[in-house]
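Structural features, examined
Okay, here's what each chain looks like letter by letter:
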Amino acid sequence: MSQTAFSTLKLHAALLKNLSSLGYEEMTPIQAQSLPHILAGKDVIAQGKTGSGKTAAFGLGLLEKLDVKRFRVQSLVLCPTRELADQVAKEIRRLARAIHNIKVLTLCGGMSIGPQIGSLEHGAHIIVGTPGRIEDHLNKGTLQLNNVNMLILDEADRMLDMGFQAAIDAIIDQTPEQRQTLLFSATFPDQIQSIAKRIMVKPVMVQVASTHDNASIQQHFFKVENNEHRLTALCLLLLQHRPESALVFCNTKRETQEVADELLHFGFSALALHGDLEQRDRDQTLVRFANKSVSILVATDVAARGLDIDALDAVINYHIAHESEGHVHRIGRTGRAGSKGTAYSLYSGKESYKVASLDANVDPILDSESLPPLSLLEESAMKPLMATLQIDGGKKQKVRPGDILGALTGKNGIAGKQVGKIQIFDNWAYVAVSQDVVQPALKKLGEGKLKGRSFRVRLIHG
Ligand code: AMP
């Protein structure tokens, strides 16, 4: 028997038999690493993307724990979108085929609430749903969570991206403290770690891909002649590597604006971030960069402080940082969450001494690489994947992420996977949608109502 065979696990015979009828013989890496802990009743944090087999990992865990004879909600799975919730519910039903009378119910936004209330009156063992709608049911008193002994957050990073933090907190407040909690996420920004600290007890970390440290950042150095050459070098690097998200560091405010303007002029999607921006403009700039509707952010160190953005493809030092500590800090922002990071640094002859002082292993002359060929300048600049829509209603108007998601993906709407980050401010909200569905998204939001009101919606032009 192989070490990763499901039969090595302490699972009910009926569950095991069904797995082999589904053609699941060997565990996937995430299953092999997490299931023994899950079945031992431990809290588990796991890095799992779609396709890794994560659903079966937590699905088997919750089914093994379930007492079918107790007709109460015992497991709750929170998902960011209706599509994912439907997929998860389907997989749980497949895994549960061998157990009679298990009731799995999905509760998602964008669907009418009446039939859901009806189904809840009939009872369920397992609820799979989106945080906004589950919170609605809790507020209406149509759902009770006092028998939940297994709570699962699926794609936790994406739920936070979509602004579900408050709803998730409110839901967890209503579950018993004595419960097992599993958290699955593709990335681990600080926000996830602080949630894990609050809601989990001695969690076991399962990471299939290794995380990175500064040593896994690839650094490249390029010597430039003068300021004009520096700008050309920046464009060449961007055209060659075509990052989805890149952060360019300058040493002065004025330079951030100049460089961003020049990049725009070349056809790139770029914005400057510096201390002179008004709060509203700063918020909007950060929203657009984080939701991938702007590909390049040109910033000073001070302005970039506290920037909570994951998965930067590249950090580019337009000038070398004043101090080596600053340099390490800058380049540490690339390649989070297990992916390899890349940092490009441009320096002039006068800055060579700074390069030498960064690291004894870096030689400003020997380690300077050649820039990509000038012929690349003929290529067109990369375009962002997403676009940002601004809705003139926010927290004060009680607009919530679920309302926006529901309005976009409701009848004849766009697919959940075409919706990106949703961020809500006091009087306005931003939602990212794929570039190719901007018009239908504007139409859905413009025609539909949020909280029974129509709000003005517009595209923020890049
Ligand atoms: P997920 O990452 O949970 O979306 O699962 C990806 C797909 O892999 C689903 O279609 C599962 O049915 C399938 N799957 C999960 N675990 C296994 C396994 N151990 N062997 C074969 N297929 C699996």
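For the protein, an unreviewed UniProt entry supplies the name DEAD-box ATP-dependent RNA helicase RhpA and the organism endosymbiont of Escarpia spicata. In the Catalytic activity (unreviewed entry) part of its UniProt record, the protein is described as follows: "ATP + H2O = ADP + phosphate + H(+)". Regarding the protein, the relevant UniProt record gives this comment under Sequence similarities (unreviewed entry): "Belongs to the DEAD box helicase family."

In the numbering used here, UniProt assigns the feature "domain: DEAD-box RNA helicase Q" (unreviewed entry) to residues 4-32. End-to-end, the C-alpha atoms of residues 4-32 are 6 Å apart, and along that stretch the chain is 45% helix and 0% strand.

Here the structure, examined in full by the defined rule, presents one cavity of 30 Å³ or more. Its volume calculated, the largest cavity comes out at about 30 Å³. Lining the largest cavity, in full, are Leu153, Ala156, Met159, Leu160, Ile168, Leu183, Ile192 and Ile195. Going through the elements one at a time, helix 7 (156-161) and helix 9 (190-199) are the ones with two or more residues in the lining of the largest cavity. With three residues, helix 7 is the largest single contributor of residues to the lining of the largest cavity. Residue composition of the lining of the largest cavity, by class: eight nonpolar, no polar and no charged.

Another aspect to go through is the confidence of the model for the protein. In the predicted model, the protein carries a mean pLDDT of 90, and 95% of its residues have values of at least 70. Taken as a whole, residues 209-215 scores under 50 in pLDDT and shows 11 contacts with residues more than four places along the chain or in a different chain.

This part takes up the layout of surface pockets. Empty space within the second largest pocket amounts to approximately 380 Å³. As for the second largest pocket, its lining consists of 23 residues, and the residues nearest its centre are Gly110, Gly402, Asp403, Gly406 and Ala407. At the level of secondary structure, the elements contributing two or more residues to the lining of the second largest pocket comprise helix 4 (82-95), helix 6 (131-140) and helix 16 (401-409). For the lining of the second largest pocket, the element with the highest residue contribution is helix 16, accounting for six residues. The class makeup of the residues in the lining of the second largest pocket is four nonpolar, 10 polar and nine charged.

Conventions and cut-offs
Residues numbered from 1 in each chain as written. Predicted model: local features only at pLDDT ≥ 70, side-chain atom pairs only at ≥ 80, totals over all residues. Heavy atoms only, no water. UniProt positions renumbered as here; feature names shortened; annotations may be inferred. Helix = DSSP H or I, 4+ residues; strand = E, 2+ residues; numbered from the N terminus. 1 Å grid on protein atoms, 1.4 Å probe; cavity = no way out; pocket = protein on both sides within 12 Å on 5 of 7 lines; lining within 4 Å. Points joined across faces, edges and corners; volume = space filled by probe spheres on them. Nonpolar A, V, L, I, M, F, W, Y, C, P; charged D, E, K, R; others polar. pLDDT = per-residue confidence, 0-100. Contact = heavy atoms within 4.5 Å.

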